[in-house]
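# Inside the fold
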Amino acid sequence: MNKKVGTKRGELPRYRSYHPGTQPEYNYPPYASTQKRCPTQPLVVAPQTLSELTGPVFGYDDIKPTDNDLTRQHKGEPIGERIVVSGRVLDENAKAVPHTLVEIWQANSSGRYPHRTDQHDAPLDPNFAGAGRTMTDAEGRYRFISIRPGEYPWRNHYNAWRPAHIHFSLFGPAFLTRMVTQMYFPGDPLLEYDPMYNSVADEKARVRLISAFDWENTVPEWALAYRFDIVLRGRDATPLER
Amino acid sequence: MSLYASANQTVGPYLHIGLDWLTTRDIAARGAKGERVAIEGRLLDGDGAGVNDGLIEIWQANSHGKYAHAEDPQTKPLERGFRGFGRIPTDDKGAFRFTTIKPGRVPGPGGTLQAPHLVVAVFMRGMLRHLATRIYFPDEQSNTEDPVLKLVPPARRATLIAKNTAKGGLEWNIILQGKNETVFFDF
């Protein structure tokens, strides 16, 4: 592909480092499980090579058209409040990230995952598996239909509860743009107590993880909507791009 | 225009629900040329216990050293169906195993050539953002001139190089803490 990007030596433009405070640290004591799972040696700073500036490419052949509707994967409809979750995938330069894979997973409306290690005493829903995926369109837009996930307790500290959330996994155009994040809901009173949400030091970056109530995308008499835009790592401007 | 990036957040303990559908343990499609290799290892936490709810992803070039990606400018052959992506969840003991072909050499910075390697992303509960590391191959002369491996303190380089096993495969472990702690990169 003959793109008008490149450096003087004909190498691909590098990705900027994340803005300080926008990403959590590996060692974050309030989230207890980080303690035995964080590196203790400093990361080795390395140049971005072709290996990191490229990354896996997925296509519409990898998914089914119904994969983005979590309410239609079983015989019956899941229990809970139907929601539309949509938004755009952008990079830090506000450029759309088109045709990229978006994967999500979440608890059911009672706060339970259909997973062998989830022992929370809340009902499973035979009509809800809680997994979806889709591709962004040419403008970076995506859209899921789901049900609003429930909050649930976890054992990080006494009386710990996770705020309602949906896990998002994104690839973007390179190994360096890979991101797994979580979408939260506006006004959730549990956010201020949640170590994962609060692991992001910068308040503006933290707030970016909270979806917005999205009146324009509500479906009358059918579903409320939430908007969640995701911003992946962006590239440095290059002499050719200026 | 400069937007704040979204923050990474942990995959949590129930990652399999959303990610298992794309599990890929045979990375090289049938018909991909090159030396077939099987790589196995364990993902170990600070207590030396296997991480049974982790996942690794692999990204690699084909045997010619060509990535299945539009921005790879090299004019080298690329087999149809070769994606170069692997996704392998760890098992109950924290072990993982996958097969692939040994990649060719790809360009490094400033006109250098890199030694054959796989790039690896590591995800798990208890890790708020994934870690990046690399797997290099044993008995590979070019390791000594690899521009990335050169940046690693010599005493720690072995953590990035797979070992031959008695069974004829390769072993490479991810050790999160302590003695022989694996080298992770900040790119």
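Higher on the page you've got the structure.
Residues numbered from 1 in each chain as written. Chains lettered and ligands numbered in written order. Predicted model: local features only at pLDDT ≥ 70, side-chain atom pairs only at ≥ 80, totals over all residues. Heavy atoms only, no water.

Of the regular secondary structure elements, chain B holds one helix and ten strands. Reading chain B from its N terminus to its C terminus gives the helix and strand order α-β-β-β-β-β-β-β-β-β-β. At 17 Å, chain B has a C-alpha radius of gyration in line with the 16 Å of a compact globule built from 187 residues. Overall size of chain B, expressed as C-alpha extent along the three principal axes, is 45 × 40 × 35 Å. Nonlocal contacts in chain B, meaning residues at least 24 apart in sequence, comprise 67% of its contacts between residues at least 6 apart. Total accessible area computed for chain B in this model is approximately 7300 Å², and 50% of it derives from carbon and sulfur atoms. Positive and negative charge centroids in chain B, built from 23 and 20 side chains respectively, lie 4 Å apart. (Helix = DSSP H or I, 4+ residues; strand = E, 2+ residues; numbered from the N terminus. Rg over C-alpha atoms; globule rule 2.2 N^0.38 Å. Contact = heavy atoms within 4.5 Å. Areas by Shrake-Rupley, 256 points an atom, 1.4 Å probe, with all protein chains shown as cover. Lys, Arg positive; Asp, Glu negative; His and termini not counted. Charge placed at Lys NZ, Arg CZ, Asp CG, Glu CD.)

Let us look at the nonpolar core. The biggest cluster of nonpolar side chains holds 38 residues, and the ones touching the most others in it are W105 and Y113 of chain A together with V11, L160 and F185 of chain B. Setting aside its immediate chain neighbours within four residues, F185 of chain B contacts L43, V44 and A46 of chain A together with A132, T133, R134, V148, V152 and L160 of chain B. Residues I27, I58, F96 and M124 of chain B belong to the second largest nonpolar core, which totals 26 residues. (Core = buried A, V, L, I, M, F, W, Y, C linked by side-chain atoms within 4.5 Å. Buried < 20%, exposed > 50% of the residue type's maximum accessible area, 1.4 Å probe, protein only.)

Now for the interface of chain A and chain B. Facing the 89 residues of chain A at the interface are 75 residues of chain B. At the boundary of chain A with chain B, total buried surface from both sides reaches about 7100 Å², with 58% on carbon and sulfur atoms. For chain A, the biggest contributors to the area lost against chain B are R37, V44 and F175 of chain A; these three give 12% of the whole. Where chain A packs against chain B, one counts eight salt bridges. Where chain A touches chain B, the interface holds 44 residue pairs in polar contact (both at pLDDT 80 or more). At five residues, the largest contribution of residues to the side of chain A that touches chain B is made by strand β9 (residues 179-184) of chain A. Tallied by class, residues from the side of chain A that touches chain B come to 45 nonpolar, 22 polar and 22 charged. Here strand β1 (residues 44-45) of chain A pairs with strand β10 (residues 185-186) of chain B via two bridges, running parallel. Residue pairing for β10 of chain B: V45 of chain A is matched across the bridge by D186 of chain B. (Buried area = accessible area lost by both parts, 1.4 Å probe. Salt bridge = Lys/Arg side-chain N within 4 Å of Asp/Glu carboxyl O. Polar contact = N/O pair within 3.5 Å; in protein donor to acceptor, adjacent residues only side chain to side chain. Nonpolar A, V, L, I, M, F, W, Y, C, P; charged D, E, K, R; others polar. Pairing = 2+ DSSP bridges.)

To continue, consider unusual backbone geometry. Residue A94 of chain A is not a glycine yet carries a positive backbone phi of 65°. Its relative accessible area of 28% is what places A94 of chain A among the partly exposed residues. Positive phi values are uncommon outside glycine, yet D139 of chain B reaches one of about 55°. Position of D139 of chain B relative to the elements: it lies in the loop between β6 (131-136) and β7 (163-164). Judged by relative accessible area, which is 70%, D139 of chain B ranks as exposed.

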